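# Commentary on secondary and tertiary structure
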Amino acid sequence: MARKMRTPEERSVDPAAQQMLIRADELGIGTAFSRADAMPPCNIGAAGMCCKLCGMGPCRLTKDGQTGVCGATIDTIQARNLIRAIAAGSAAHSDHGRDMAFTLKAVANGETEGYRIKDVAKLHMVAEKYDIATDGRTPEEVADELADLYISQFGQQRGETIVYKRAPAKRQKIWKEQGVIPRGLDREIVEALHRTHMGDDQDPEHILNHAIRTGLADGWGGSMIATDISDILFGTPAPILGQTNLGVLKDDMVNVVVHGHEPTLSQMIVAASQDPEIIEYARQAGANGVNLTGICCTANEILMRQGIPAAGNFLHQELSILTGSVEAMVVDVQCIMQALVGLAENFHTKIITTSSKVRITGATHIQFHEGSALTTAKAILREAIDNYKNRGQVEIPDVREALVPGFSHEYINYMLGGSYRASFRPLNDAIMSGRIRGVAAIVGCNNPRSSQDYLHNKVTKALLKQDVLVVQTGCGAIAAAKLGLLLGEAGLDQVGPGLREICETIGIPPVLHMGSCVDNTRILTVLTQMVEEGGLGDDIDQLPAVGLAPEWMSEKALAIGAYCVASGAYVMFGGSSPISGMPDRMSDSDSVARYISEGWEAIYGGKLEFVEDPDDMIRRTLDHIDKKRAALGLPEYDPNRWGRSGDRRMLELEAMPLFERQQAIYGVAAD
Ligand code: NFS
């Protein structure tokens, strides 16, 4: 029987994507969307009912009470599969952090080309958290000591890693009592693999307890290190105007798309693309210069620091090549589809790999080293420029949207109070009064199994209407940006009255773009600062806040979910559940799904759930926020109380005749 192939409108809600999917069909070229249609997920593996950890299997546990050849139960198998995914996600984020730490060390010792310590204030701020002396020392001396400290965290064998000390005091105590503070970042990941080797840890709860420790090695470890060092080397983000979607590609310029995750390479390509010698080289090739754009989180890194346009999120990597306008797609690590090389063969696009960890058969490899970073970046751009003459027919969708990214936690603190009285007080007050009902972090990937951006945007729009302030990172942020929700006033007609007042008063969009996926740690810092500001309890689990990954697909997302739960957050994943098992599992008191929800909530105050229906996800979010508000003794959320102040009210008043205006303001008309 022929499988149902979805229409372009069913595959993505983004008109630029739809246009490229029509082009793909016309040209007879496959994409992740068509491959997803042609190959439904294995219903045994997708539900976590398959164990392939040894050569006696793979075992498929499809009947009640069935075990694997070794006797493993479905709960043990699901717990093992889940922790392995969390370990892989933590490994990816943490290895990124490690490379950043090595780069910082090299910069401190003058061993790199093109890098410098850009944000000395952030360097000092981070150093002081670990009692590294800053007085009378050069930035390089401080950076050298900080780099050594951070590098030591990865291979530490005993004791406690230090990053967790940035969490609220009460949270640290819970982690200590549970024995889940990572000893060393690598050690926890190795132990997750050891425990899940055939014949080791078989108690599902015991396995999942280590999943928390492995996740913490990411969130309060490798990812936080990556964010810190990116800010120190490339600058702490602040709001900047940017653009997104495929319409940022140019038909008269050499288009270079950087794709992947690490800012070390992309930042150098930004620098090289502005070099007069490179611009001249492009002119000689008949182009109007080099147009640099990004995909995935490397896009977020350069979008929020330099305003470099983002060609799109995860599912746009193939679609950007389908425009026929991309001379080179330069990739480093993570979220890179192997299909790119085959797809690019239909056009002139060169796929250039650059990391010692990632090669793709058929791609061009240009090895990137920090020691010759700028030279390599220029060589990559020359390769792209030389390819401009090979361009064939081009079709770039005329679809783009402006956005204002760059809301680092430092900037949020500053914007709420200014330089001299920077504070989270106004945010806490707005939540306490009920103008802001609560906070939702909507993060994570695109997944071609659902309609691209649909779940992200459905949940985001619904929560904004309910006066929930939304913060975003990664591909979710780009999904909302394409809708115009990341652009001040443009998004404000779509939000509730209380939130609107706050956005107008402070001058912010209703959705705050906080960066790449490793920058989910900025959200942890914001939540910690909200706790420390006072009035909203004394730990993260008391905040009216929820974390959502509506279109998740990567193991990194599961690692983020684990550390957010460990930090006290209610986390929901959309799409399919890798631990759903048989349909009646949720009623089984032993089920893994129940344990990571109710079991983890009893210990950490946070819980992880997989919720397929977006309306259910929205309802649960609002219920949770209201429950937390009630527990804090805050007034019940009432949208009718707000909306009569802020810019809109000022405009209304200005439009009134003097007499009416005075009556509206003072209740009586002045003489
Ligand atoms: Ni996060 Fe960023 Fe996107 Fe998902 Fe991939 S790019 S690190 S994993 S797909 S959000």
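Everything below is about the structure shown above.
Only a predicted model underlies this, so the values are computations on that prediction, with no experimental measurement involved. (Residues numbered from 1 in each chain as written. Predicted model: local features only at pLDDT ≥ 70, side-chain atom pairs only at ≥ 80, totals over all residues. Heavy atoms only, no water.)

### A word on the overall build of the protein chain
Stated precisely, the cut-off is as follows: A run of H or I in DSSP counts as a helix once it spans at least four residues, and a run of E counts as a strand once it spans at least two, with each numbered from the N terminus. Between the two quantities, the radius of gyration covers C-alpha atoms and the globule rule is 2.2 Å times the number of residues to the power 0.38. Burial classes: relative accessible area under 20% of the type maximum marks a residue as buried, over 50% as exposed, and values in between as partly exposed (1.4 Å probe, protein chains only). In this analysis, two residues are considered to be in contact whenever any of their non-hydrogen atoms come within 4.5 Å of each other.
Within the protein chain one finds 28 helices and 16 strands. In terms of C-alpha radius of gyration, the protein chain reaches 25 Å, essentially the compact-globule figure of 26 Å for 671 residues. Dimensions of the protein chain, computed from C-alpha atoms along their principal axes, come out at roughly 80 × 70 × 70 Å. Burial analysis of the protein chain (671 residues in total) assigns 60% to the buried set. In the protein chain, of all internal contacts separated by at least 6 residues, the share reaching a separation of at least 24 is 75%.

### Regarding the side chain of Thr264
Considering the arrangement of structural elements, one finds Thr264 in helix H11 (residues 263-273). Apart from residues lying up to four places away in sequence, Thr264 is in contact with Met100, Thr103, Tyr115, Phe234, Phe368 and Glu370.

### Structural notes on the site of the ligand
We apply this condition: Here a residue is near a molecule or strand as soon as one of its heavy atoms is found within 4 Å of it. Note on residue classes: Ala, Val, Leu, Ile, Met, Phe, Trp, Tyr, Cys and Pro are nonpolar, Asp, Glu, Lys and Arg are charged, and everything else, Gly too, is polar. Where each domain begins and ends follows an automated or database-derived domain assignment.
Residues in close proximity to the ligand include His261, Cys296, Cys297, Phe314, Cys335, Gly444, Cys445, Cys475, Cys517, Met553, Ser554 and Lys556, which together make up its full environment. Within the shell around the ligand, the residues separate by chemical class into eight nonpolar, three polar and one charged. Composition of the shell around the ligand by domain shows at least three residues from each of domain 2 (242-390) and domain 3 (404-637).

### Notes on unusual backbone geometry
A cis amide bond links Gly57 to the next residue, Pro58, at an omega of -5°. Summarising the element assignment, Pro58 is placed in the loop between strand E1 (50-51) and strand E2 (59-60). A positive phi angle, near 100°, is found at Asn245, a position not held by glycine. Within the secondary structure, Asn245 is located in the loop between strand E3 (242-244) and strand E4 (254-259). Phi at Asp453 is positive, roughly 75°, even though this residue is not glycine.

### Thoughts on the packing of helix H5 (residues 74-108) against helix H24 (residues 555-566)
Basically, it comes down to this: Angular values range over 0 to 180 degrees, each being the angle between N-to-C directions of two axes fitted as lines to C-alpha atoms, with helices fitted over their stretch in contact. Any angle that falls under 35 degrees is termed roughly parallel, while one over 145 is termed roughly antiparallel, one within 65 to 115 roughly perpendicular, and all others oblique.
Packing of H5 against H24 leaves a shortest axis separation of 7 Å and a crossing angle of 95°. The pairing of H5 with H24 is recorded here as roughly perpendicular in orientation. Along its contact with H5, which presents Leu82, Ala85, Ile86, Ala88, Gly89, Ser90, Ala92 and His93, the element H24 presents Glu555, Lys556, Leu558, Ala559, Ile560 and Ala562. Classifying every residue of the contact of H5 with H24 gives nine nonpolar, three polar and two charged.

### Regarding the coordination of the nickel atom of the ligand
For the record, the criterion: Sites may look incomplete because water is not among the atoms; the donors themselves are N, O and S atoms within 2.8 Å of the metal, or within 3.2 Å for Na, K and Ca. Every geometry call rests on angle ranges, with four donors termed tetrahedral when all angles are between 85 and 135 degrees, four termed square planar and six termed octahedral when opposite donors are over 155 degrees apart and all others are between 65 and 115, and everything else termed irregular.
When only protein atoms are considered, the nickel atom of the ligand has one donor, Cys517 (SG), at a distance of 2.3 Å. Considering all four donor atoms around the nickel atom of the ligand, the spread of angles at the metal, 92 to 152°, places the coordination shape in the irregular class. On the secondary structure map, Cys517 appears in the loop between strand E13 (511-513) and helix H23 (520-533).

### A few points about the packing of H5 against helix H7 (residues 139-155)
Our working definition: Here a crossing is taken to be left-handed if its near helix is turned anticlockwise relative to the far helix by less than a right angle, and right-handed if that turn runs clockwise.
In contact at an axis separation of 8 Å, H5 and H7 are set at 150° when each is read in the N-to-C sense. Taken together, the axes of H5 and H7 are roughly antiparallel relative to one another. In the packing of H5 onto H7, the handedness of the crossing is left-handed. Across the interface between the two elements, Ser94, Gly97, Arg98, Ala101, Phe102, Leu104, Lys105 and Ala108 from H5 touch Glu140, Ala143, Asp144, Leu146, Ala147, Asp148, Tyr150, Ile151 and Phe154 from H7. When its residues are assigned to classes, the contact of H5 with H7 shows 10 nonpolar, two polar and five charged.

### Overview of a nonpolar patch on the surface
Inclusion rule: Patch definition: residues with relative accessible area over 30% and no salt bridge; like charges joined within 9 Å; nonpolar side chains (Val, Leu, Ile, Met, Phe, Trp, Tyr) joined within 5 Å. For accessible areas, the Shrake-Rupley method is used with a probe of radius 1.4 Å. Any residue's cover is judged against the shown protein chains and nothing else. Each reported salt bridge corresponds to a side-chain nitrogen of Lys or Arg within 4 Å of a carboxyl oxygen of Asp or Glu.
A cluster of nonpolar side chains, namely Met56, Val69 and Met198, defines an oily patch on the protein surface of about 270 Å² accessible area. Inspection of the secondary structure puts Met198 in the loop between helix H9 (185-195) and helix H10 (204-234). Owing to a relative accessible area of 35%, Met198 belongs among the partly exposed residues under this scheme.

### Considerations on empty space enclosed by the protein
Basically, it comes down to this: Here a cavity means grid points, on a 1 Å grid over the protein atoms only, where a 1.4 Å probe fits yet cannot get out; a pocket means an open set of points with protein on both sides within 12 Å along at least five of seven lines; lining residues are those with an atom within 4 Å of a point. Grid points are joined across faces, edges and corners, and a volume is the space filled by probe spheres set on the points.
Scanning the model with the defined rule gives six cavities of 30 Å³ or more in all. Of the voids in this model, the largest cavity is the one considered here, and its volume is about 260 Å³. The wall of the largest cavity is formed by 28 residues, among which Ala441, Val443, Gly547, Ile560 and Cys564 lie closest to the centre. Considered class by class, the residues forming the lining of the largest cavity number 21 nonpolar, six polar and one charged.

### Digging into the environment of Ala238
Looking at the element boundaries, Ala238 is found in the loop between H10 and E3. What makes Ala238 partly exposed here is its relative accessible area of 34%. For the pair Ala238 and Thr521, spaced 283 residues apart in sequence, the C-alpha to C-alpha distance is 16 Å. Every residue in contact with Ala238, bar those within four places of it in the chain, is listed here: Met304, Pro405, Gly406 and Tyr411.

### What about the side chain of Ser12?
With respect to the helices and strands, the residue Ser12 is situated in the loop between helix H1 (8-11) and helix H2 (15-27). Relative accessible area serves as the criterion here: at 0%, Ser12 is assigned to the buried category. Setting aside residues up to four positions removed in sequence, Ser12 forms contacts with Ala17, Gln18, Leu21, Ser451 and Gln452.

### What to know about the pattern of salt bridges
What the rule picks out here adds up to 49 salt bridges. Glu501 serves as the salt-bridge partner of Arg435, at 2.6 Å between the closest nitrogen and oxygen. Of this pair, Arg435 sits in the loop between helix H18 (425-433) and strand E11 (438-442) while Glu501 sits in helix H22 (residues 497-506), placing them 66 residues apart in sequence. On the basis of relative accessible area, Arg435 is assigned to the partly exposed category, the value being 24%. Residue Arg619 pairs with Asp616 through a salt bridge whose shortest N-O separation is 2.4 Å. Of this pair, Arg619 and Asp616 are both found in helix H26 (residues 614-631), three residues apart, which corresponds to roughly one turn of the helix.

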